[in-house]
Amino acid sequence: MSFKNMKIKKSLILAFTCGMLPLLLIIVFALFTISNQQSKFEGLINTHVQCNTLVREARYYANTAARDVREMGLYTGANSRKSALKTEINNNLTNMGEKISELVALYPLNDNLCSNYTSAVEAWAEEVPAIVDAFDKDQNSVGVDLVQNSCVPAMEKMGEAASALTTTLTEARDEAVHQQARSNTTTIIFFIVVLVLAVVLEFIIVTRIVRAIVPPLVEASTAMEGMSQGNLNVPVEFRSPNEIGIMSEALRTSQKILSDVIEDISATSGQMAKGNFDVELTANFPGDLKPIQNSINQFVVRMSETIANISQSADQVSAGSDQVSNSSQSLAQGATEQASAVEELSATITDISNSSKQTAASAEEARDSVGEAGRQVQVSNDYVKQLNTAMDHISDSSQEISKIIATIENIAFQTNILALNAAVEAARAGAAGKGFAVVADEVRNLASKSDQAAKATKDLIENSITAVEEGADVVGKVTESLARTTELTSGVVSMMESVAEAVETQNAAIAQVTEGIDQISAVVQTNSATSEECAAASEELSSQANIMHQLMAEFHISNKAGFGGAPFQSSAGGSSSWDDGGDEPLMLSGGAERSPFGSSKY
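For clarity, every value in this text was computed on a predicted model and none was experimentally measured.

Criteria and cut-off values
Residues numbered from 1 in each chain as written. Predicted model: local features only at pLDDT ≥ 70, side-chain atom pairs only at ≥ 80, totals over all residues. Heavy atoms only, no water. Patch = residues over 30% accessible without salt bridge, like charges linked within 9 Å, V, L, I, M, F, W, Y side chains within 5 Å. Areas by Shrake-Rupley, 256 points an atom, 1.4 Å probe, with all protein chains shown as cover. Salt bridge = Lys/Arg side-chain N within 4 Å of Asp/Glu carboxyl O. Helix = DSSP H or I, 4+ residues; strand = E, 2+ residues; numbered from the N terminus. Buried < 20%, exposed > 50% of the residue type's maximum accessible area, 1.4 Å probe, protein only. Bend = angle between axes of the 7 residues up to and from the residue. Phe/Tyr/Trp six-rings, centres within 6.5 Å; stacked < 30°, edge-to-face > 60°.

**Digging into a nonpolar patch on the surface**
1) Next: A surface patch of nonpolar side chains, amounting to about 920 Å² of accessible area, comprises Phe 16, Met 20, Leu 21, Leu 23, Leu 24, Leu 25, Ile 27, Leu 31, Leu 195 and Val 199.
2) Next: The set of elements that each furnish at least two residues to the nonpolar patch consists of helix 1 (8-72) and helix 4 (140-228).
3) Next: For Leu 195, the position within the fold is in helix 4.

**What about the pattern of salt bridges?**
1) Next: Enumeration according to the criterion identifies ten salt bridges in this entry.
2) Next: Taking the shortest distance from any N to any O, the salt bridge between Asp 138 and Lys 82 comes out at 2.7 Å. A residue pair is termed long-range when its members are at least 10 positions apart, and Asp 138 in the loop between helix 3 (113-136) and helix 4 and Lys 82 in helix 2 (residues 80-106) qualify at 56 residues.
3) Next: Taking relative accessible area as the criterion, Lys 82 reaches 2% and is therefore assigned buried.

**Thoughts on helix 4**
1) Next: Residue Val 147 marks the point of greatest curvature in helix 4, where the axis turns by about 40 degrees.
2) Next: Backbone geometry just after helix 4 places Gly 230 at a positive phi near 90 degrees.

**Digging into the packing of aromatic side chains**
1) Next: Taken as a whole and judged by the stated rule, the model has two aromatic pairs.
2) Next: Relative to Phe 191, the ring of Phe 190 has its centre 6.3 Å away and its plane inclined at 50 degrees; by these criteria the two rings are tilted.

**Regarding unusual backbone geometry**
1) Next: Positioned with a positive phi, Asp 138 is a non-glycine residue whose angle comes to about 65 degrees.
2) Next: Judged by its relative accessible area of 36%, Asp 138 is partly exposed.

Pasting the structure below:
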């Protein structure tokens, strides 16, 4: 019998049946044996023992009757005691006869002892009436003679027959008891043998069942323990149609599925670690493992989208930094030109001052000097107009730079948000997202630096705008002064008598112009330094954008992200090229390019 392919329930029922059936047989046989033994004991008591009892009772009645007969020989004449003895003798003889009849009916042995005893009793009983009649008739001598010669010998024969019968019955009883004891011993030995055989059979069956159940369970337990420790290569070889075989098959299937799943996840994670996000889990993820496959595939697509957005933001930062750099260079060049113009204007004012001093010494020379001063004032007026125009350009450029700085701040803010989202997604990915978490930290640091640089540049530009506005006021004053100087110089010929007063007024105006030019010179120097700092910050921002491009070039995104699946490539102008399936750029708020996904968290 093979327990390997047998159902566990059937095996256990079979083992229980094989264990209980011998016990039931032993119990039934024991009950039968006990009943049989009880019947035999009851038969022994009802035959042998009862016969002995009947013999004793018959002898008792016979001895009582014999005693009464002898007592009758003691009385003579009419006597009531004699009559009572006669009645007792008859009653004893009657009772003895009944016992003899029962003895004959119950006697179990096939011999002549019972019949001999019965004959001896009947022979003795036949002698008693004659003796009783002799004593009743007062023939005591005849009665005594009958007692001595007939009754006593008959009594002795009856006693001998009773003794022989009793001895035989006792021996037969003892033999039956011994035989019953032997039968009981044999039965007990049989019970022990059957019980031992049952135990041996049960042990063999249980051993075979244990060998059929325990090794597969140990094998399955070892495999499951290995699975709990991450080892999916523990072999499970047991095969059977029973429950353990089904469990082993399910365990093998689980190992196969988990092995395929882990291998697929490992391969995909390895590709992502290398920067390739154009991957997808393709293994069979059954049941509760399906959400893992969907989550990882969605993570790959989402990371591709995020990388594309970061790359696009890097393009925007690079383009903005180029614009800021160009504007800063233009501003620096304009500030240099302003400084040169201011220097020339300062030299001219100095000449005017010298001319004014000479005018005080000589009117003729003053006329000539005033004419020259008029011409110089006209030139100065033209320069001041040019200065006004340059100051307006500086103010407009400052406003444009403010817009650019605001755009840079917006880009830095969005880049920081993207870095935070990337860090969150990397944290969700666990160990597989550690590499991208480092990239997200670098992007966040870059965004923070860009934001700080933009804020510093914004502060400088705001200071420059304030200084430009002050310079514009001063230039306005200079313009008014030059206009007055022109009016004075046009009428200086007709107003020579008031030249001293005009010279003093001119000197005062020249002092104001000199002071204004000094202020303009300081503002121009400040604008020049600020422009140089802004240009340096723009260069740094452009350099960081190029570094971000280099980092993004290491990634290869998924086709499902909508960007064509090609790796990002940084262009010479600092922007990145990738195929988004459209022709027009996507714009952020403020005129910059925006994410194609339009999500506020990006």
